[in-house]
Amino acid sequence: MEAPVPDWSGLPADILNSVFQLLECPDLLRSAAVCTFWQKAYSMFRRSGVCPSQQTPCLLYCTEAAGAKALGMYSLSERKSYSMPLPEPPISNWIGSSHGWIVTMDEKSDLMLLNPITGDKITLPPVTTMEHVKPIVNDDGVLEKYKMSFYDGELPRVEDTPYACPLDRDGDLVYLKAILSSDPSAGECTVMLIHQPYAQLSFAKVGDAHWNWLQMHSFYADCIHHDGCFYAMTAAGAIDVFDLNGSSVVHRRILPNLVRMLEKCYIVQAPWGDVLQIIKEESLDPEQPDGETYVTAYEVYKVDFVELKRVKMRGIGEYALFTGKSTTSCFSLKDHPGLMANHLYFTHDDHDELLSGKDDPRDIGVYDLENDTRTNLVDPEPWRTWFPPIWCTPNLAKAGIS
């Protein structure tokens, strides 16, 4: 005699809520379709503001079929692609991803925060409030272009010739990367921009009317929010701390330049507490005689703030790293078993290459830190080359719910 089929529709609501908190985003969204009771429990769960915390990163990308109306989402936990609708207005690029929100750009190069799962949007200050960007209007007062100025914070000021830029292209030229201090759906949030000219920093808190220029230094490569402050790393390995919590900005350089100017480097706080630097280097492939084929290698270093040095790591154990336009991140395989241990997941984020070759193939894949080998993330690759794919860790919390 066969055992009776379990009736999952009769699970108590509190047990269902406990189950919901363990689910990855695709499974949680599908749970509402199980039955009417589950749909009601799911709706109550979402309204409560409780959000599953252990979400595995996904890759967001554009597809030819969907155009500007939808995004593709490749789930690393399921190794499966999904499609999700995009709210209006259309976006023309993205420059960052943190806490489940992507920092998007519209046709006038103004920035907006977008949660692609919930559809929530938060407007950021206009691009014309940045130090180096000013509007150009015609005789009728209609905005036609932007004027971009080229100078840094050094005095006496030396300024190169300004450049007049089309509205829809200014953001592609100016914005390098955006980092969030926290989840904006949970309350206060500050956005830090790495931008041109000279890879400088500006910030704005959600609700501010303008961007604030940090004119202390230039040539920043990456930034994270750590212990209540922003830690920004230069392309030569120096680390500056910016405390934005008081009435004035407090700046300290806590690690000097350690290396030559690097091709690409990243900074991340590991789950075990250390701050890591990731160095990406490209070199000619000795096995290819054409002299034009390059191979990419990644190295990971632990930052020693006491001895003011960095120590090369042999590996990262049961953890996985993520680099790209998204905030550099490190995840434990204990909480994210769908990832590969001691691997680095990367997307194409070389600013000059992305702009000069919008139709060129994108370098996206997984790097084995032990064997120094790489594999493609998925084959065949489903994404369009523009705008370039970006990592995003799903966040189902609705804005305004704390």
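The rules behind these values
- Residues numbered from 1 in each chain as written.
- Predicted model: local features only at pLDDT ≥ 70, side-chain atom pairs only at ≥ 80, totals over all residues.
- Heavy atoms only, no water.
- Helix = DSSP H or I, 4+ residues; strand = E, 2+ residues; numbered from the N terminus.
- Contact = heavy atoms within 4.5 Å.
- Areas by Shrake-Rupley, 256 points an atom, 1.4 Å probe, with all protein chains shown as cover.
- Buried < 20%, exposed > 50% of the residue type's maximum accessible area, 1.4 Å probe, protein only.
- 1 Å grid on protein atoms, 1.4 Å probe; cavity = no way out; pocket = protein on both sides within 12 Å on 5 of 7 lines; lining within 4 Å.
- Points joined across faces, edges and corners; volume = space filled by probe spheres on them.
- Nonpolar A, V, L, I, M, F, W, Y, C, P; charged D, E, K, R; others polar.
- Pairing = 2+ DSSP bridges.
- Axes fitted to C-alpha atoms, helices over the stretch in contact; angles between N-to-C directions.
- Polar contact = N/O pair within 3.5 Å; in protein donor to acceptor, adjacent residues only side chain to side chain.
- Salt bridge = Lys/Arg side-chain N within 4 Å of Asp/Glu carboxyl O.
- Core = buried A, V, L, I, M, F, W, Y, C linked by side-chain atoms within 4.5 Å.

A. Structural detail: the overall build of the chain. Along the backbone of the chain there are five helices and 28 strands. A separation of at least 24 residues holds for 49% of the contacts in the chain among residues at least 6 apart in sequence. Looking at the chain as shown, the accessible area adds up to about 19,200 Å², and 52% of this sits on carbon and sulfur atoms.

B. The side chain of Asp-349, seen in detail. Relative to the helices and strands, Asp-349 is located in the loop between β25 (343–346) and α5 (351–356). By relative accessible area, Asp-349 is classed as buried at 3%. Setting aside its immediate chain neighbours within four residues, Asp-349 contacts Lys-264, Tyr-266, Lys-280, Gly-324, Lys-325 and Leu-354.

C. View of the layout of surface pockets. Volume-wise, the largest pocket comes out at about 770 Å³. Lining the largest pocket are 35 residues, with His-99, Thr-327, Ser-329, Phe-331 and Thr-393 sitting closest to its centre. Those elements giving two or more residues to the lining of the largest pocket turn out to be β4 (93–98), β11 (175–180), β15 (220–226), β19 (264–269), β24 (329–332) and β28 (390–392). Per-element accounting of the lining of the largest pocket gives the leading share, four residues, to β24. Residue composition of the lining of the largest pocket, grouped by class: 14 nonpolar, 19 polar and two charged.

D. Molecular detail of unusual backbone geometry. Here Leu-155 and Pro-156 are connected by a cis peptide whose omega angle stands at 0°. Within the secondary structure layout, Pro-156 lies in the loop between β9 (143–150) and β10 (160–166). If you check the backbone angles, Ala-199 has positive phi at about 50° while not being a glycine. Topologically, Ala-199 is positioned in the loop between β12 (190–195) and β13 (200–205).

E. A look at the sheet that holds β9. Spatial strand order, β8-β9-β10: three strands in an open sheet with antiparallel pairing. A single partner strand is all that each edge strand has here, and the edge strands are β8 (133–137) and β10. Each strand axis lies, on average, 30° off the axis of its neighbour in the sheet, ignoring direction. In this sheet, β10 lies alongside β9 in antiparallel orientation, the contact comprising five bridges.

F. Summary view of the sheet that holds strand β2 (residues 70–75). Strand order in this open sheet of four strands is β3-β2-β1-β28, and the pairing throughout is antiparallel. The sheet is open, and its two borders are formed by β3 (80–85) and β28, each paired with just one other strand. Sheet twist, expressed as the average angle between the axes of neighbouring strands with direction ignored, equals 35°. Bridging between strand β1 (residues 58–61) and β2 involves four bridges; their strand directions are antiparallel. Bridging across to β2, Leu-60 finds its partner in Met-73.

G. Geometry of the environment of Arg-384. Within the fold, Arg-384 resides in the loop between β27 (373–376) and β28. In this structure the C-alpha to C-alpha distance between Arg-384 and Lys-358, which are 26 residues apart in sequence, comes to 9.6 Å. Discounting residues that sit within four places of it in the chain, Arg-384 has contacts with Cys-62, Thr-63, Glu-64, Gly-67 and Pro-389. Here the side chain of Arg-384 touches Trp-386 through a polar contact of 3.1 Å, landing on its backbone oxygen.

H. Highlighting the pattern of salt bridges. Inspection of every chain in the model, using the stated rule, returns seven salt bridges. Two residues, Arg-253 and Asp-240, come together in a salt bridge whose shortest N-O distance is 2.7 Å. Of this pair, Arg-253 sits in strand β18 (residues 250–255) while Asp-240 sits in strand β17 (residues 239–243), placing them 13 residues apart in sequence. Its relative accessible area of 36% is what places Arg-253 among the partly exposed residues. Judged by relative accessible area, Asp-240 falls into the buried class, the value being 0%. In this structure, Lys-264 and Asp-349 form a salt bridge, with 4.0 Å as the shortest nitrogen-oxygen distance. Taken together, the residues span a long stretch of sequence, with Lys-264 in strand β19 and Asp-349 in the loop between β25 and α5 at a distance of 85 residues.

I. Looking closely at empty space enclosed by the protein. Counted according to the given criterion, the structure contains one cavity of 30 Å³ or more. Estimates place the volume of the largest cavity at around 100 Å³. For the largest cavity, the full set of lining residues is Asn-93, Trp-94, Ile-95, Gly-171, Asp-172, Tyr-175, Lys-325, His-351, Leu-354, Leu-355, Trp-386 and Pro-388. Broken down by secondary-structure element, the contributors of at least two residues to the lining of the largest cavity are β4, α4 (167–174) and α5. Classifying every residue of the lining of the largest cavity gives seven nonpolar, three polar and two charged.

J. Structural view of the nonpolar core. Residues Val-103, Leu-111, Leu-113, Met-130, Tyr-175, Leu-193 and Trp-211 are the most contacted members of the largest nonpolar core, which totals 23 residues. Contributions of two or more residues to this core are made by β5 (101–105), β6 (111–114), β9, α4, β11 and β12. Beyond its immediate chain neighbours, meaning those up to four positions away, Tyr-175 contacts Ile-95, Met-105, Ser-109, Leu-111, Val-127, Met-130, Leu-193, Ile-194 and His-351.

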